[in-house]
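The residues making up each chain are set out below.
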Amino acid sequence: MTYLINRLWPLSIVGCLIPFLWLIFDITFDNLGSNPIQELHIRLGDWSLRFLWITLAITPIQTITKWRGMTDYRQLFGLCAFFYATLHVLGYLLVDHYFQWRIIGIDILESSYIWFGIIAYFITLLLALSSPKWAKKRLGKTWKKLHRFIYIAACAAIMHYFWQLKGNLADPLFYLLVIFILLGFRGLVWLKDRQLAQLMLPKSTK
Ligand code: HEM
């Protein structure tokens, strides 16, 4: 099993890059439809969100399968979520606004959905910066607590998605449902661990 999963590593890296290469291909051959800038935002934003919830799904999979070798995959998918989010933000800053900071400032003040995007982005940035092994070692127990913020990032990203949507709510509702299921799973594991820990506490002597 470990052998197979290790073999999957290079394939996973290629898989993570496919949406990016696909986008480059479509930009090169002018395949982005009638509103290419919007299509660019949508694709990058959607892929960032997809990688966020793939990252979130790793811990439940690890708990169910008891396979410990998935930590590297969690890091890879988390970094991909950050990578696509960074391109998405760069698209907004450069393609939409040509780095005109005054206009960007006004737009951010007027568009509340962007605030949620910024919250989500800063959390993913923090998580990406603290993801290397040396950072994990240095941060000790704080690392785990910090990385739980990924749930807040995912919720903020979904709020950002909801808020800017003009029509069909089905997609963000689906993402929200997935996050609730994953959070529910974490909650159940936490409750089970707490009950086990209480059972193992030495009984007080009267
Ligand atoms: C982790 C951070 C972020 C994630 C996961 C994310 C994700 C998304 C998603 C899923 C959409 C909707 C795409 C669709 O309609 O299918 C979207 C739209 C958008 N996002 Fe973000 N976003 C993030 C951060 C940001 C930030 C920081 C900004 C700007 C500073 C931003 C600017 C936009 C804009 C302008 C749109 C609207 C695109 C349009 O329909 O014209 N996003 N984002």
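Summary of the structure given here. Keep in mind that what you see is a predicted model, and the values were worked out from it rather than measured.

Focus: the overall build of the protein chain
- Secondary structure assignment for the protein chain yields nine helices and zero strands.
- Going from the N terminus to the C terminus, the protein chain shows its helices and strands as α-α-α-α-α-α-α-α-α.
- Taking all contacts inside the protein chain whose residues are at least 6 apart in sequence as the whole, residues at least 24 apart take part in 69%.

Focus on the packing of helix 2 (residues 36–65) against helix 3 (residues 71–96)
- The geometry of helix 2 relative to helix 3 is characterised by a closest axis approach of 8 Å and an angle of 160° between their N-to-C directions. In terms of their interaxial angle, helix 2 and helix 3 are classed as roughly antiparallel. By crossing handedness, the relation of helix 2 to helix 3 is classed as left-handed.

What about the environment of Gln 164?
- Inspection of the secondary structure puts Gln 164 in helix 8 (residues 150–164).
- Taking C-alpha positions, Gln 164 is 25 Å from Leu 127, a pair spaced 37 residues apart along the chain.

Concerning the site of the ligand
- Taken together, 21 residues surround the ligand, and among them His 41, Gly 45, Ala 85, Gly 117 and Ala 157 come closest.
- Where the shell around the ligand is concerned, the elements lending two or more residues are helix 2, helix 3, helix 5 (112–129) and helix 8.
- When residues in the shell around the ligand are grouped by element, the largest group, seven residues, is from helix 2.
- Its residues assigned to classes, the shell around the ligand comprises 11 nonpolar, nine polar and one charged.

Here we look at the nonpolar core
- Core analysis: the largest hydrophobic core is formed by 27 residues, its most contacted members being Phe 51, Leu 52, Ala 81, Tyr 84, Ala 153, Ala 154 and Ala 157.
- Listed by contribution, the elements that provide at least two residues to this core are helix 2, helix 3, helix 5 and helix 8.
- At eight residues, the largest contribution of residues to this core is made by helix 2.
- Among all residues touching Ala 153, those that are not within four sequence positions of it are Leu 52, Ala 120, Ile 123 and Thr 124.

Things to note about helix 8
- Here helix 8 spans 21 Å end to end across 15 residues, near enough to the 21 Å set by a 1.5 Å rise per residue.
- Residues of helix 8 that are buried include every one of Ile 150, Ala 153, Ala 154, Ala 156, Ala 157, Ile 158, His 160 and Tyr 161, and no others.
- Contacts made by the buried residues of helix 8 are with helix 2, helix 5, helix 7 (141–147) and helix 9 (170–200).

Notes on the environment of Val 95
- Inspection of the secondary structure assignment puts Val 95 in helix 3.
- Accessibility expressed as a C-beta count within 10 Å gives 12 for Val 95, which makes it exposed.
- Sequence separation of Val 95 and Leu 40 is 55 residues, and the distance between their C-alpha atoms is 9.6 Å.
- Those residues in contact with Val 95 that sit more than four places away from it in its chain are Ile 37 and Leu 40.

Reading the values: the criteria
- The residue count restarts for each chain, going from 1 along the sequence in the order it is written.
- The predicted nature of this model means local features are confined to residues of pLDDT at least 70 and side-chain atom pairs, given and counted, to a pLDDT of 80 or more, with totals for whole chains, interfaces and linings taken over all residues.
- Secondary structure is summarised from DSSP: a helix means a run of H or I of at least four residues, a strand means a run of E of at least two, and numbering begins at the N terminus for each.
- Whether two residues are in contact is decided by their C-beta atoms, placed from the backbone, lying within 7 Å.
- For helices, the fitted axis covers only the stretch in contact; all axes are lines through C-alpha atoms, and the angles between them, taken along N-to-C directions, range from 0 to 180 degrees.
- Roughly parallel means an angle under 35 degrees; roughly antiparallel means over 145; roughly perpendicular covers 65 to 115; every other angle is labelled oblique.
- Note: crossing handedness is left-handed where the near helix turns anticlockwise from the far helix by less than a right angle, and right-handed where it turns clockwise.
- Here, nearness means that the C-beta atom of a residue, built from backbone geometry, sits within 6 Å of the molecule or strand in question.
- Three categories are distinguished: nonpolar for Ala, Val, Leu, Ile, Met, Phe, Trp, Tyr, Cys and Pro, charged for Asp, Glu, Lys and Arg, and polar for the others, with Gly belonging to the last.
- Structurally, a nonpolar core is described as a collection of buried Ala, Val, Leu, Ile, Met, Phe, Trp, Tyr and Cys residues joined by way of C-beta atoms within 7 Å.
- Here the C-beta atoms are placed from the backbone, and a residue counts as buried if at least 20 other C-beta atoms lie within 10 Å of its own, exposed if 12 or fewer do, and partly exposed otherwise.
- Helix span, as expected, comes to 1.5 Å for every residue beyond the first.

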